[in-house]
Amino acid sequence: MLLTTSIHFLVIVFLGILILVLMLIVAVLLFSFFRYKRSLRVSEWLGMINEKISEVIVYADEKSVPDQNFQAFSGNLIFRNLFLHKLVDAEKKFSGTARDQIKNLFSQYDLQKEAFKKLNQKKAHLIAGGIQELTVMESEEALAKISSFLIHPSPHVYQEAQYAMVNLKGFGGLEFLDTASGIISEWQQLRLLISIPNIPEDSGPAIAGWLSSTNDSVIIFTLKLLRKFQMLAFYPTVIRLMDHSSVAVRIQAVQTLLSLENASTMGYLAEIYPDQPDEVQVEILRVMKISKDQACTGLLKKELSDNIDPGIKVHAAEALFSLGHQEYLRHLAQDESSSEELIQIVKYALQEKVC
């Protein structure tokens, strides 16, 4: 009797497991089927969207016949997000009339709603994506909302917000620099610089404030701004930055002094050279090489002969070569009293093979 009960129980357990396995198989098949159907639908929609974008670009001045299928799907949320994504991609690839037509599609189908919805999401990548879409489509109506993300904890979000403000407002969008506490990356600085077409005449107080910021990356970006627009009036302010606590700021200041150069620049750099950190000294030697100012010759010869740092010697030798002192370098290379290290460095500067 006990044996019969055990067999009966095992059969029930086996049937239960079998039914569960069959249910899982059916569920996987159904999931795969619906996923396949969705991929086919998305592929079909992408074809329709690409055709629509191509049509408005190629036949910009002609009235197109309304596509009933396109109109029918244009209210579908997934379709609209695909459409928005493709428009943003296309806008980056075209300019002129074609670009205007793409933006007209954005307005015609009111895709701004989809981009705005992303700004109310919790996930950082969705918010950043919405900001990027509104920026690309130059939606000035979104400025107030986007500005609220300038203090967002996610770097991805606040960097997109910074870029949006500058892209849509030009120089005025740089107001966030007044209170910016996060590091502005090199790539972000480049994006911002490209987005600024001009500097207003009354920008002096704002720029002066950024040059005295406690955020080193704000100062570095502002120095690049001075170089781009050749703002010579800030030359004395840049000189004062050569005493800044940050080596990175000093290096950028040296580059800016070269860009805003006047007759006293190389003499000034030679004067402060001994008191600068090694990295700044290297940068000074580099700009002396570029400037080709003969006033640097004395310092360069001294550094080549007396400095114990081989890297400094190399930069000094290369600068002397750039200044046209090849004969002096050849004399050093042939001088029996010159050390083997010095000879190799000089030959390297003379672009000769070091044996």
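## Regarding the overall build of the protein chain
Move 1: Within the protein chain one finds 19 helices and zero strands.
Move 2: Taken against the 2.2 N^0.38 rule, which gives 20 Å for 355 residues, the C-alpha radius of gyration of the protein chain at 32 Å runs more than 25% over that of a compact globule.
Move 3: Overall, the protein chain is about 105 × 70 × 40 Å in size when its C-alpha atoms are taken along their principal axes.
Move 4: Burial status across the protein chain gives 42% buried among its 355 residues.
Move 5: By sequence separation, contacts in the protein chain at least 24 residues apart represent 64% of the contacts at least 6 residues apart.
Move 6: For the protein chain, the computed accessible surface area is about 20200 Å², with 58% contributed by carbon and sulfur atoms.

## Digging into helix α18 (residues 326-334)
Move 1: Of the positions making up α18, those classed as buried are L329, L332 and A333. Angular distribution of buried residues about the axis of α18 spans 100°; they occupy a single face of the element. Projecting away from the buried face of α18 at angles above 90 degrees are the exposed residues E327 and Q334.
Move 2: Of the surrounding elements, those touching the buried residues of α18 are α16 (297-306), α17 (310-322) and α19 (340-349).

## Some details on the packing of helix α8 (residues 155-169) against helix α9 (residues 186-195)
Helix-helix packing is described using two parameters, namely the angle between the two axes and the distance between the axes.
Move 1: Two elements in contact, α8 and α9, have axes whose closest approach is 9 Å; the angle formed by their N-to-C orientations is 15°. Taken together, α8 and α9 sit at an angle that is classed as roughly parallel. You can see that α8 and α9 cross each other, and the crossing is right-handed. Between α8, through Q159, E160, Q162, Y163, V166 and N167, and α9, the contact on the second element is made entirely by Q188, R191, L192 and S195.
Move 2: Residue composition of the contact of α8 with α9, by class: three nonpolar, five polar and two charged.

## Let's talk about the pattern of salt bridges
Move 1: Overall, the coordinates contain 10 salt bridges when judged by the stated rule.
Move 2: Where K117 meets E114, a salt bridge forms, and the shortest distance between an N and an O atom there is 3.3 Å. One end of the pair, K117, and the other, E114, are both in helix α5 (residues 112-118), three residues apart, so they sit about a helical turn from each other.

## Thoughts on the environment of Q189
Move 1: Relative to the helices and strands, Q189 resides in helix α9.
Move 2: Residues Q189 and K224, spaced 35 residues apart in sequence, show a C-alpha to C-alpha distance of 8.6 Å.
Move 3: Residue contacts for Q189: discarding those within four places in its chain leaves I184, S217, I220, F221 and K224.

## Some thoughts on the packing of α17 against α19
Move 1: Two numbers describe how α17 lies on α19: the axes approach to 9 Å, and their chain directions differ by 40°. When the axis of α17 is compared with that of α19, the two are oblique. With respect to the hand of their crossing, α17 and α19 are arranged in right-handed fashion. Contacts from P310, K313, V314, A317, E318 and F321 in α17 reach E341, I345, Y348 and A349 in α19.
Move 2: Taken together, the residues of the contact of α17 with α19 break down into seven nonpolar, no polar and three charged.

## Overview of the packing of aromatic side chains
Move 1: The final tally for this structure, using the stated rule, is three aromatic pairs.
Move 2: Judged by centre distance (5.4 Å) and plane angle (75°), the rings of F83 and Y109 are edge-to-face. Placement of the pair is F83 in helix α3 (residues 77-93) and Y109 in the loop between α4 (96-108) and α5, with a sequence separation of 26 residues.
Move 3: Given the relative accessible area of 1%, F83 is considered buried.

## Digging into the environment of I102
Move 1: Looking at the secondary structure, you find I102 in helix α4.
Move 2: Judged by relative accessible area, which is 0%, I102 ranks as buried.

## Points about the nonpolar core
Taken as a class, soluble globular proteins show a tendency for nonpolar side chains to be buried jointly.
Move 1: L174, I207, L225, L269, M288 and L304 are the most contacted members of the largest nonpolar core, which totals 62 residues.
Move 2: At seven residues, the largest contribution of residues to this core is made by helix α11 (residues 216-229).
Move 3: Apart from residues lying up to four places away in sequence, L174 is in contact with V166, I196, W210, F221 and L225.
Move 4: If you look at the next biggest cluster of nonpolar residues, it comprises 35 residues, including W45, L111, I127 and L143.

## Some details on unusual backbone geometry
Move 1: Here the phi dihedral of Q230 falls at roughly 50°; this positive angle occurs in a residue that is not glycine.
Move 2: With respect to the helices and strands, the residue Q230 is situated in the loop between α11 and α12 (235-240).

## Some thoughts on the environment of I25
Move 1: Secondary-structure assignment places I25 in helix α1 (residues 2-58).
Move 2: A residue is classified by how much of its surface remains accessible, and I25, at 44% relative accessible area, is partly exposed.
Move 3: Between the C-alpha atoms of I25 and L10, which are 15 residues apart in sequence, the distance is 22 Å.

## A look at helix α15 (residues 278-291)
Move 1: With 14 residues, α15 extends 20 Å from end C-alpha to end C-alpha; this agrees with the ideal 20 Å at 1.5 Å per step.
Move 2: Within the sequence span of α15, burial applies to V280, Q281, E283, I284, L285, V287, M288 and S291.
Move 3: Looking at the buried side of α15, the elements it contacts are α13 (247-259), α14 (265-272), α16 and α17.
Move 4: Directly after α15, the chain includes K292, whose backbone phi takes a positive value near 60°.

Definitions and cut-offs
- Residues numbered from 1 in each chain as written.
- Predicted model: local features only at pLDDT ≥ 70, side-chain atom pairs only at ≥ 80, totals over all residues.
- Heavy atoms only, no water.
- Helix = DSSP H or I, 4+ residues; strand = E, 2+ residues; numbered from the N terminus.
- Rg over C-alpha atoms; globule rule 2.2 N^0.38 Å.
- Buried < 20%, exposed > 50% of the residue type's maximum accessible area, 1.4 Å probe, protein only.
- Contact = heavy atoms within 4.5 Å.
- Areas by Shrake-Rupley, 256 points an atom, 1.4 Å probe, with all protein chains shown as cover.
- Arc of directions from axis to C-beta.
- Axes fitted to C-alpha atoms, helices over the stretch in contact; angles between N-to-C directions.
- Parallel < 35°, antiparallel > 145°, perpendicular 65-115°, else oblique.
- Left-handed = near helix turned anticlockwise from the far one by under 90°.
- Nonpolar A, V, L, I, M, F, W, Y, C, P; charged D, E, K, R; others polar.
- Salt bridge = Lys/Arg side-chain N within 4 Å of Asp/Glu carboxyl O.
- Phe/Tyr/Trp six-rings, centres within 6.5 Å; stacked < 30°, edge-to-face > 60°.
- Core = buried A, V, L, I, M, F, W, Y, C linked by side-chain atoms within 4.5 Å.
- Expected span 1.5 Å × (residues − 1).

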